[in-house]
Amino acid sequence: MQVEAIMLLYLLLTLGGVTLLALYTAHRQRRFAPTQSEDSIFRCVDCGAVYTDDADVDLSRCPQCGRMNDPIRF
Ligand SMILES: [Zn+2]
């Protein structure tokens with residue numbers, strides 16, 4: 001009876017450790033996963049430069065030539 005209790009305790013501690021390790025790994029992966037960018041993508045009509053700007057702007061100035069461009073909509 002004593003040996004069975006020790007084996008059960010050992011088994012439960014091992015399973016608990018593996019469970020905690022799995023939860024910790026899942027938490028780390030979630031925290032370091034790349035977040036989806038909320039920026040809009042712009043392509044300059046004049047020089048063809050592709051760049052990003054904030055999602056809430058209707059027109060964005062091209063960093064290459066200064067022309068105002070509409071965001072690309074998918
Ligand atoms: Zn441009």
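Because the structure is a prediction, the values reported are computed rather than measured. (Residues numbered from 1 in each chain as written. Predicted model: local features only at pLDDT ≥ 70, side-chain atom pairs only at ≥ 80, totals over all residues.)

## Some remarks on the overall build of the protein chain
Along the backbone of the protein chain there are one helix and four strands. Counting from the amino terminus, helix and strand elements in the protein chain follow one another as α-β-β-β-β. Against the globule reference of 11 Å for 74 residues, the protein chain gives a C-alpha radius of gyration of 27 Å, more extended than a compact globule. Seen along its three principal axes, the alpha-carbon backbone of the protein chain occupies a region of about 85 × 20 × 15 Å. Taken over 74 residues, the protein chain has a buried fraction of 3%. (Helix = DSSP H or I, 4+ residues; strand = E, 2+ residues; numbered from the N terminus. Rg over C-alpha atoms; globule rule 2.2 N^0.38 Å. Buried ≥ 20, exposed ≤ 12 C-beta atoms within 10 Å, placed from the backbone.)

## Some thoughts on the domain arrangement of the protein chain
Annotation of the protein chain at the domain level lists domain 1 (1-33) and domain 2 (40-69). A separation of 52 Å is found between the C-alpha centroids of domain 1 and domain 2. (Domains from an automatic or database assignment.)

## Things to note about helix H1 (residues 2-32)
In this model H1 runs 45 Å from its N-terminal to its C-terminal C-alpha over 31 residues, within 8% of the 45 Å that 1.5 Å per residue would give. Counting buried positions over the 31 residues of H1 gives zero, only a small fraction of the element. (Expected span 1.5 Å × (residues − 1).)

## Focus: the environment of Gly-66
Within the secondary structure, Gly-66 is located in the loop between strand S3 (60-61) and strand S4 (68-69). Residue Gly-66 is classed as exposed on the basis of its C-beta count, with 10 C-beta atoms lying within 10 Å. Separated by 23 residues in the primary sequence, Gly-66 and Arg-43 have C-alpha atoms spaced 12 Å apart.

## Some remarks on the environment of Ser-40
As for its position among the elements, Ser-40 is in strand S1 (residues 40-43). Between the alpha carbons of Ser-40 and Asp-70 there is a distance of 9.6 Å; along the sequence they are 30 residues apart. When sequence neighbours within four positions are dropped, the list of residues in contact with Ser-40 reads Thr-52, Asp-53, Ala-55 and Pro-71. (Contact = placed C-beta atoms within 7 Å.)

## With respect to the pairing of strand S2 (residues 50-53)
Along a regular strand, successive side chains alternate from one face of the sheet to the other. Bridge analysis of S1 against S2 gives four bridges, and the strand direction is antiparallel. Among the inter-strand pairings, Ser-40 is bridged to a residue of S2, identified as Asp-53. Between S1 and S2, which follow one another and run antiparallel, lie six residues, and Gly-48 among them has a positive phi close to 80°. (Pairing = 2+ DSSP bridges.)

## Quick notes on the confidence of the model for the protein chain
Chain-level pLDDT for the protein chain is 90 on average; 93% of the residues reach the 70-or-more range. Confidence, read as mean pLDDT per element, is least for H1 in the protein chain (92) and greatest for S4 (96). (pLDDT = per-residue confidence, 0-100.)

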